[in-house]
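Survey of secondary and tertiary structure
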Amino acid sequence: IMTLGVLPRCRRRGIGRAMWREIRKIYEDRVDWYVLHVQVDNLRALGFYRRAGFREYDVVSGYYRKIEPPDAILFGLPGKGRSGLLDSSDMDGAED
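What counts and what doesn't
Residues numbered from 1 in each chain as written. Predicted model: local features only at pLDDT ≥ 70, side-chain atom pairs only at ≥ 80, totals over all residues. Heavy atoms only, no water. Helix = DSSP H or I, 4+ residues; strand = E, 2+ residues; numbered from the N terminus. Buried < 20%, exposed > 50% of the residue type's maximum accessible area, 1.4 Å probe, protein only. Areas by Shrake-Rupley, 256 points an atom, 1.4 Å probe, with all protein chains shown as cover. Patch = residues over 30% accessible without salt bridge, like charges linked within 9 Å, V, L, I, M, F, W, Y side chains within 5 Å. Salt bridge = Lys/Arg side-chain N within 4 Å of Asp/Glu carboxyl O. Lys, Arg positive; Asp, Glu negative; His and termini not counted. Charge placed at Lys NZ, Arg CZ, Asp CG, Glu CD. Contact = heavy atoms within 4.5 Å. Phe/Tyr/Trp six-rings, centres within 6.5 Å; stacked < 30°, edge-to-face > 60°.

**Looking at the overall build of the protein**
If you tally the helices and strands in the protein, you get two helices and three strands. Ordered by position in the sequence, the α and β elements of the protein form the string α-β-α-β-β. Burial analysis of the protein (96 residues in total) assigns 29% to the buried set. Approximately 7,100 Å² of the protein is accessible, and the part contributed by carbon and sulfur atoms is 49%.

**What to know about a positive patch on the surface**
Where like charges cluster on the molecular surface, the positive patch consists of Arg-11, Arg-12, Arg-17, Arg-21, Arg-44 and Arg-51. Among the elements of the structure, helix H1 (15-27) and helix H2 (43-51) are those that each provide at least two residues to the positive patch.

**Looking at H2**
Among all positions of H2, only Ala-45, Leu-46, Gly-47, Phe-48 and Tyr-49 are buried. The elements touched by buried residues of H2 are H1, strand S1 (33-39) and strand S3 (72-78). Positioned one or two residues after H2, Gly-53 has a phi angle of 100 degrees, which is positive.

**Side note on unusual backbone geometry**
The omega torsion across Glu-68 and Pro-69 is -10 degrees, close enough to zero to call that bond cis. Unusually for a residue other than glycine, Arg-12 sits at a positive phi of about 70 degrees. Residue placement: Arg-12 occurs in the segment before H1.

**Observations concerning a nonpolar patch on the surface**
Taken together, the side chains of Ile-1, Leu-4, Ile-26 and Tyr-27 present a nonpolar region at the surface, about 400 Å² in accessible area. Along the chain, Tyr-27 falls in helix H1. Classification of Tyr-27 as partly exposed rests on a relative accessible area of 35%.

**Quick look at the packing of aromatic side chains**
Under the defined criterion, the tally for this structure stands at seven aromatic pairs. Ring centres 5.0 Å apart and planes at 90 degrees place the aromatic pair Phe-48 and Tyr-49 in the edge-to-face group. Neither residue differs from the other here; Phe-48 and Tyr-49 are each classed as buried. Ring centres of Phe-54 and Phe-75 lie 6.5 Å apart, and the angle between their planes is 85 degrees; on these two criteria the pair is classed as edge-to-face.

Structure representation (structure tokens):
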């Protein structure tokens, strides 16, 4: 999945939470890590992913090329399919 979003007129109705629940249900045993980038000023998305349990690992300068600000926060959340292929220590900027 490259992009996940809800149209502005449809936000604040639980649609994003419902999509996230379904994604986790479908892939829960096959995903080692959920990794995503969120634009640094997208406060709603930042709050959504923090509430969903994602941890911030790094700020990626210049991640976006056609929007301002161009920086993104790298988030990670371990999945249940942990095969040991990726570990939190593998992620740059990992905090304890």
